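Residue strings, one per chain:
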Amino acid sequence: MSDLKARFADRIIDGKAFAEGLRARIGAAVGEIKVAHGLTPSLAVVLVGEDPASQVYVRNKGRAAEAAGIVAADHRLDATTSQDELLALVATLNDDPTVHGILVQLPLPDQIDPAAVIDAIDPAKDVDGFHVVNTGRLATGQMSGPNAALVPCTPLGCRMMLEDRLGDLSGLEAVVLGRSNIVGKPMAQLLTQASCTVTVAHSRTRDLAAVCRRADILVAAVGRPQMVQGDWIKPGAAVIDVGINRVPKPTDDDPDKMGLVGDVDFDAAIAVAGAITPVPGGVGPMTIACLLANTVTAACRQNGVEAPVW
Ligand code: GUN
């Protein structure tokens, strides 16, 4: 642990430890559901092509699922797969009652329109929460019952960590930096539902630093290495760093060494923030844990079983 991490250890939101706890609860719930209802949740992960980062993500998702007692099936398709071929696989998985969750790893090769593929996934099996039915349910606050939204995994994990650290979020000023469909927009929806006052900021926002400095909760999801500086952060704020950026991190032994950094300048931020997620070991592990939670939720809803509350 670096000196700074040791000095400010109580300020670190340890996503890795939080995710381990969540995964243990998911594993226990899966065991109970199997015994009580004879139901084994299952997840189909589809990877098109050989993108190395996607291969690592897909492998990690499969391992985490199996460790929690969820059946995980990988479907690996050639990089030249046509959109129609991928849509045919999605249709087969939609129709298979033993498959409860479907995840098509993004990005997809250029010949395939990701929106067409997401549209084709049965919303009840859309464990990424990307289908317009699920984004619509989230936007309209349809969060319980058999037709509730499946919520995108990364923002779901961020909200869990924030509520764990801060308790009730109501009335807090939240700034979400980034407006992607996968993180920024659903994060803003979840924080609005938690009764925060939410600003969605982005590359065109005027005086971004001043906007971020208003935040009691700052969620950075822009994909720009260490963009958020220490003086962008209100003293005591909770900072959630969604960025996973691969950058050169040369050492004396290895001048070509690469490493991961977030969208926040961690060393500057930890001296100001009240709480902050590190990269790695913050949001990333929670995203995978929430994928497992969504898979169990989806399996329960499809089989008339009451879904656990995570
Ligand atoms: N690629 C990077 N992150 C994700 C994710 O959360 N879901 C999917 N399907 N693809 C991704």
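Check the entry above for the structure.
Residues numbered from 1 in each chain as written. Predicted model: local features only at pLDDT ≥ 70, side-chain atom pairs only at ≥ 80, totals over all residues. Heavy atoms only, no water.

**Student:** So, the nonpolar core: which residues are in play, and what are the values?
**Tutor:** By size, the foremost hydrophobic cluster in this structure holds 59 residues, and its most contacted members are I26, I70, L191, I240, V242 and M286. Here this core gets 12 residues from one element, more than from any other, and that element is helix α11 (residues 283-302). Among the nonpolar cores identified, the runner-up in size contains 23 residues, and F8, C212, V228 and V239 belong to it. (Core = buried A, V, L, I, M, F, W, Y, C linked by side-chain atoms within 4.5 Å. Buried < 20%, exposed > 50% of the residue type's maximum accessible area, 1.4 Å probe, protein only. Helix = DSSP H or I, 4+ residues; strand = E, 2+ residues; numbered from the N terminus.)

**Student:** Help me get a handle on the site of the ligand, residues and values and all.
**Tutor:** Taken together, L103, V104, Q105, L106, D128 and F130 make up the full set of residues near the ligand. Take L106: an N or O atom from its main chain is 2.8 Å from a nitrogen atom of the ligand. At a separation of 2.6 Å, a nitrogen atom of the ligand approaches a polar side-chain atom of D128. Relative to its unbound accessible surface of 280 Å², the ligand loses 78% to contact with the protein. Among the residues forming the shell around the ligand, the class breakdown is 4 nonpolar, 1 polar and 1 charged. (Near = heavy atom within 4 Å. Polar contact = N/O pair within 3.5 Å; in protein donor to acceptor, adjacent residues only side chain to side chain. Areas by Shrake-Rupley, 256 points an atom, 1.4 Å probe, with all protein chains shown as cover. Nonpolar A, V, L, I, M, F, W, Y, C, P; charged D, E, K, R; others polar.)

**Student:** I'd like a rundown of the packing of helix α2 (residues 15-37) against α11, residues and numbers included.
**Tutor:** Between α2 and α11, whose axes approach to 8 Å, the crossing angle comes to 20 degrees. Taken together, the axes of α2 and α11 are roughly parallel relative to one another. In the packing of α2 onto α11, the handedness of the crossing is left-handed. Contacts between α2 and α11 involve G15, K16, F18, A19, L22, R23, I26, V30 and I33 from the former and P285, M286, A289, C290, L292, A293, V296 and C300 from the latter. Its residues assigned to classes, the contact of α2 with α11 shows 14 nonpolar, 1 polar and 2 charged. (Axes fitted to C-alpha atoms, helices over the stretch in contact; angles between N-to-C directions. Parallel < 35°, antiparallel > 145°, perpendicular 65-115°, else oblique. Left-handed = near helix turned anticlockwise from the far one by under 90°. Contact = heavy atoms within 4.5 Å.)

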